[in-house]
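Report on the structure
So you can see what is in the structure, the chains are spelled out below.
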Amino acid sequence: MSCMEVIFMDSQSELWRVRLDKLDLFRSKGVEPYADHYARTHMAQDIIENFGELEGQGVKVAGRIMSKRDQGKVIFVHIQDFSGRIQIYIRRDDVGSERFDLISTLDVGDFVGVDGSVFRTKRGEISVHARQVDILSKAMRPLPEKFHGLTNVEMRYRQRYVDLIVNPDVRSVFVTRSKIIRAMREFLENKGFLEVETPTLHTVAGGAAARPFITHHNTLDMDLYLRIALELYLKRLIVGGFEKVYEIGRNFRNEGISIKHNPEFTMMELYQAYANFRDIMELTENMIAYIVEKVHGTLDISYQGEVLHFATPWSRLQMLDGILEYSGVDFRNITDDEEARSAARAQGIHIGEDATRGQIINEFFEEFVEPKLIQPTFVIGHPVEISPLAKRNAQNPAYTDRFEAFAYGRELGNAFSELNDPIDQRKRFEAQMAEREKGDDEAHMMDEDFLRALEYGLPPTGGLGIGIDRLVMLLTDSASIRDVILFPTMRPRDDQASE
RNA sequence: GCGCCACUAGCUCAGCUGGUAGAGCAUCCGACUCUUAAUCGGCAGGUCCACGGUUCGAUCCCGUGGUGGCGCACCA
């Protein structure tokens, strides 16, 4: 099907034809409606903030027309640039009749450059009185209605560019997202961490329990996985002699989509040689507090109607204590798998036939404790079965030196003293392989090269992972992860599918 | 994967018991030289998500499918 046929079949064809005619009109007058450049001197917000000095002065502003009030021989428009909006006052007498006729065909959505002088209207609005109005880019499609804007959630995600034009709050979420990441980098750089980049294409998908995406390299004729975590490559770097590294990067997990899950999401992972999980815990609360303060100017923020207090130190909770408190079940008195399974059945917790005590503890935790952890809290004392990459606790080797950070009942971060005993690590992988044999396709894969790296010696190391998207959700009071990802994963629609 | 809900003009939404659709804004034409959800007058704009079924007749009822939202499951 040719491009033109597509255009004529478009339900907007009437609107489209009118815009085409307008393009022709400009060109017939020798005006190119898609300009090359505009030498702007001021942003909209600058003019508003500095009206005192700028009143009567000449300025050149540029932006998208967001509203238009045509009074025949006078036109008012608001233009929007990245800083905000400013009103433009255009008089037929000032710009010339022929030019004015062209200007009057401009639509909401068009980009213009305006050369004029700053003044205040009779009604009191700071505006630019135009001497010259240049079209910079003609919009062929109409913007959503000015009052209600674009509210259809599906369209907002699919056509985020339109969402961003008409919904200023959306833009500000992503500006905040950028600030959060910048503050995080700032904090880590100040602590002497080095930012690195590791592969996205993995031959072994490791570092987390998750189903990976599979892709294929043609020349090598081999399948590759999109990474599910940054962990294993970053630890190789500690083996290689880097002592403080971090990476902020995209992970991919081939799992369900929800208000908290997008198939691709951003993680920050860091590793620090000679540190243990206690050191990392302190670093974590300090880092998050630094970011919260930097972004909000306070350590108390409101999320979905709850006030969260990020002042350090955050509370610490032993996983088993939490379970006892919220479910009444004391796993210190439950010593084997069978006892744990009957405790689960008694509480109506759904578990596999051969679930281990450690897995059941985790189920109890998620069921009874997690939703209660509204204020920032570190949970410690994770069973070894659910922590295949964490060092065992020296006093009680059934548990690991690990913590997870929670806020608003959601995991914010995960950290541990890294397992640096290559022989124990091999056993843990083997246990994971056994899980995999039993059909758990999210169990860890064996990673021989990672084991080899450990066999060269990994110093004692503390590591941390933080889900950036969830952190951004918290700090922007966003209910859905899709509200903090510019282009969330969506099924293509017929009318948008590529051919 | 399961359940509930939604899908009507470019956008935001009405639409009664089943009689093939309306409004506001935007567009288009006209009026208006300080308006700001500008105002006033007029015209036009529809695959009612798709396909079946029931019916004399379906936007409406039924079924299947699609897309999305939410919940559950999954996701440590």
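Residues numbered from 1 in each chain as written. Chains lettered and ligands numbered in written order. Predicted model: local features only at pLDDT ≥ 70, side-chain atom pairs only at ≥ 80, totals over all residues. Heavy atoms only, no water.

1. Let's talk about helix α14 (residues 357-369)
Formally: In DSSP terms, a helix is any run of H or I states spanning at least four residues, a strand is any run of E spanning at least two, and both are numbered starting from the N terminus. Multiplying 1.5 Å by the helix residue count minus one yields the expected span of that helix. Residue exposure (1.4 Å probe, protein chains only): buried if accessible area is under 20% of the type maximum, exposed if over 50%, otherwise partly exposed. Pairs of residues are marked as contacts when any of their non-hydrogen atoms sit within 4.5 Å.
Here α14 contains 13 residues, and its C-alpha end-to-end distance of 17 Å stays within 8% of the 18 Å for a straight helix at 1.5 Å per residue. R357, G358, I360, I361, N362, F364, F365, F368 and V369 are the residues of α14 that are buried. Looking at the buried positions of α14, the neighbouring elements they touch are β14 (315-318), α12 (319-327), α13 (337-346), β15 (377-380) and β16 (402-407).

2. Points about the sheet that holds β15
Test applied: Strands were regarded as paired on the criterion that DSSP finds at least two bridges between them. Throughout, an axis means a line fitted to C-alpha atoms (over the contacting stretch in the case of helices), and angles, computed between N-to-C directions, take values from 0 to 180 degrees.
Read across the sheet, eight strands follow the order β6-β10-β11-β18-β17-β16-β15-β14 without closing on themselves; strand pairing throughout is mixed. The sheet terminates laterally at β6 (194-195) and β14, the two strands that pair on one side only. Bridge analysis of strand β17 (residues 410-417) against strand β18 (residues 461-467) gives five bridges, and the strand direction is antiparallel. Among the inter-strand pairings, A415 is bridged to a residue of β18, identified as L464. Against the sheet, helix α11 (residues 277-296) contacts β11 (264-273), β14, β15, β16, β17 and β18, and its axis sits at roughly 35° relative to β18. Strands in contact with α12 are β14, β15 and β16; relative to β14, the strand with the most contacts, it is inclined by about 80°.

3. A look at the packing of helix α9 (residues 168-190) against helix α17 (residues 468-476)
Packed helix pairs are specified by the crossing angle of their axes together with the interaxial distance, meaning the distance between the axes. We count it as follows: Our angle categories are set so that under 35 degrees counts as roughly parallel, over 145 as roughly antiparallel, 65 to 115 as roughly perpendicular, and the remainder as oblique. Take the far helix as your reference; a near helix turned counterclockwise from it by less than a right angle gives a left-handed crossing, and one turned clockwise gives a right-handed crossing. Asp, Glu, Lys and Arg are counted as charged, while Ala, Val, Leu, Ile, Met, Phe, Trp, Tyr, Cys and Pro are counted as nonpolar; the rest, among them Gly, fall into the polar class.
Running from N to C, α9 and α17 cross one another at 120°; their axes reach a closest spacing of 10 Å. Between α9 and α17, the crossing angle belongs to the class labelled oblique. Both α9 and α17 take part in a crossing whose hand is right-handed. Here V173, T176, R177, I180, I181 and M184 of α9 lie close against α17, whose contacting residues are I468, D469, L471, V472, L475 and T476. Counted by class, the contact of α9 with α17 contains eight nonpolar, two polar and two charged residues.

4. Focus: the protein's contact with RNA strand B
For clarity, the cut-off: If even one non-hydrogen atom of a residue comes within 4 Å of a molecule or strand, that residue is called near it. Polar contact is the term for a pair of N or O atoms within 3.5 Å; when the atoms are in protein, one must be able to donate a hydrogen and the other to accept it, and sequence-neighboring residues count only if both atoms are side-chain atoms.
Near RNA strand B you find 53 residues, and of these K146, E154, A209, H261 and E366 are the closest. The share of sugar and phosphate among atoms of RNA strand B within 4 Å of the protein is 61%. Side-chain polar atom of N414 to a base nitrogen of RNA strand B: 3.2 Å apart, as the coordinates give it. Residue R491 places a side-chain N or O atom 2.8 Å away from a phosphate oxygen belonging to RNA strand B. Secondary structure elements with two or more residues in the surface near RNA strand B: α2 (13-28), β1 (58-70), β2 (74-81), β3 (84-91), α7 (153-158) and α14. No other element matches the four residues that α7 contributes to the surface near RNA strand B. For the surface near RNA strand B, the class distribution of residues is 17 nonpolar, 15 polar and 21 charged.

5. Points about the pairing of β3
Summarising burial for β3: six of the eight residues are buried, a large majority. The sheet contact formed by β2 and β3 spans eight bridges and is antiparallel. Counterpart to V77 in the pairing with β3 is I88. If you look at the hairpin formed by β2 and β3, you'll find two residues sitting between the two strands.

6. Some details on the pattern of salt bridges
Basically, it comes down to this: A side-chain nitrogen of Lys or Arg and a carboxyl oxygen of Asp or Glu constitute a salt bridge if their distance falls within 4 Å.
Using the criterion set out here, one finds 35 salt bridges in the structure. Across the pair D163 and R160 runs a salt bridge whose closest N-O atoms are separated by 2.9 Å. Highlighted residues: D163 and R160, both in helix α8 (residues 160-166), separated by three residues, approximately one helical turn. Take D163: its relative accessible area is 0%, and that puts it in the buried class. One salt bridge connects D469 with R177, and the closest N-O pair in it is separated by 2.9 Å. With a gap of 292 residues between them, D469 in helix α17 and R177 in helix α9 connect regions that are remote in the sequence. Residue classification places D469 among the buried positions, given a relative accessible area of 2%. On the basis of relative accessibility, which here comes to 12%, the residue R177 falls in the buried class. Via salt bridges that share partners, R19, K22, D107, D110 and K138 belong to a single interconnected network.

7. Here's the deal with the side chain of E435
Position of E435 relative to the elements: it lies in helix α15 (residues 422-437). For E435, a relative accessible area of 18% translates into the label buried.

8. Structural notes on the environment of T151
For T151, the position within the fold is in the loop between β5 (126-137) and α7. By relative accessible area, which is 58% here, T151 ends up exposed. Considering only alpha carbons, one finds T151 and V166, 15 residues apart in sequence, at a separation of 9.9 Å.

Any functional reading would require information beyond the geometric quantities listed.
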